[in-house]
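Below, each chain spelled out in residue letters.
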Amino acid sequence: MFTRWRDLTAKLPPNSRPFLNGWYRIDYALEGDLKETELHRFQDVLGKAITRNTGWLMFWIPTREESAPRELDGVIECWLAPKDSGVDR
């Protein structure tokens with residue numbers, strides 16, 4: 001997962017790279033009596049999670065094709081490349 005992140009951010013112009021002095025990571029743990037869900041259906045589960053903490057939905061899911069999450073190598077990736085960076089996704 002971090003290899004993919006490094007590959008994506010390495011293609012960005014130096015002034016467009018996120019977190020120039022490090023990186024930022026958020027992990028979530030789902031606990032309790034959970035129904036097992038296939039990865040390609042997990043986005044629908046997140047879409048139904050309505051929790052507001054800062055005004056934005058906690059599990060906001062972009063809907064435009066160029067920024068929508070997609071399954072890649074067994075994980076869900078959502079790459080929001082800076083505008084005008086010349087980097088796809």
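Residues numbered from 1 in each chain as written. Predicted model: local features only at pLDDT ≥ 70, side-chain atom pairs only at ≥ 80, totals over all residues. Heavy atoms only, no water.

1. Topic: the pattern of salt bridges
Turning to step 1, where the next piece is worked out: A full pass over the atoms with the stated rule returns four salt bridges.
Turning to step 2, where the next piece is worked out: Ionic pairing is found between Arg-70 and Glu-77, a salt bridge with its closest N-O pair at 3.2 Å.
Turning to step 3, where the next piece is worked out: Given a relative accessible area of 30%, Arg-70 falls into the partly exposed group.
Turning to step 4, where the next piece is worked out: Ionic contacts of the salt-bridge type, sharing partners, join the residues Arg-4, Arg-70 and Glu-77 into one network. (Salt bridge = Lys/Arg side-chain N within 4 Å of Asp/Glu carboxyl O. Buried < 20%, exposed > 50% of the residue type's maximum accessible area, 1.4 Å probe, protein only.)

2. As for the side chain of Ser-67
Turning to step 1, where the next piece is worked out: On the secondary structure map, Ser-67 appears in the loop between α2 (39-47) and β1 (70-72).
Turning to step 2, where the next piece is worked out: Not counting residues up to four positions away in its chain, the partners in contact with Ser-67 are Pro-62, Cys-78, Trp-79 and Leu-80. (Helix = DSSP H or I, 4+ residues; strand = E, 2+ residues; numbered from the N terminus. Contact = heavy atoms within 4.5 Å.)

3. A look at the environment of Leu-39
Turning to step 1, where the next piece is worked out: Tracing the sequence through the fold places Leu-39 in helix α2.
Turning to step 2, where the next piece is worked out: For Leu-39, a relative accessible area of 28% gives the class partly exposed.
Turning to step 3, where the next piece is worked out: Placed 32 residues apart in sequence, Leu-39 and Glu-71 show a C-alpha to C-alpha distance of 7.6 Å.
Turning to step 4, where the next piece is worked out: With sequence-adjacent residues up to four places away left out, Leu-39 is seen in contact with Glu-71, Gly-74, Val-75 and Ile-76.

4. Side note on the confidence of the model for the protein chain
Turning to step 1, where the next piece is worked out: The pLDDT averaged across the protein chain works out to 76; a share of 76% of its residues lies at or above 70.
Turning to step 2, where the next piece is worked out: The weakest mean pLDDT in the protein chain belongs to α2 at 79; the strongest belongs to β1 at 86. (pLDDT = per-residue confidence, 0-100.)

5. Quick look at unusual backbone geometry
Turning to step 1, where the next piece is worked out: A positive phi is found at Asp-73, a non-glycine position, where the angle reads about 55 degrees.
Turning to step 2, where the next piece is worked out: Note on placement: Asp-73 falls in the loop between β1 and β2 (75-77).
Turning to step 3, where the next piece is worked out: You can call Asp-73 exposed: its relative accessible area is 75%.

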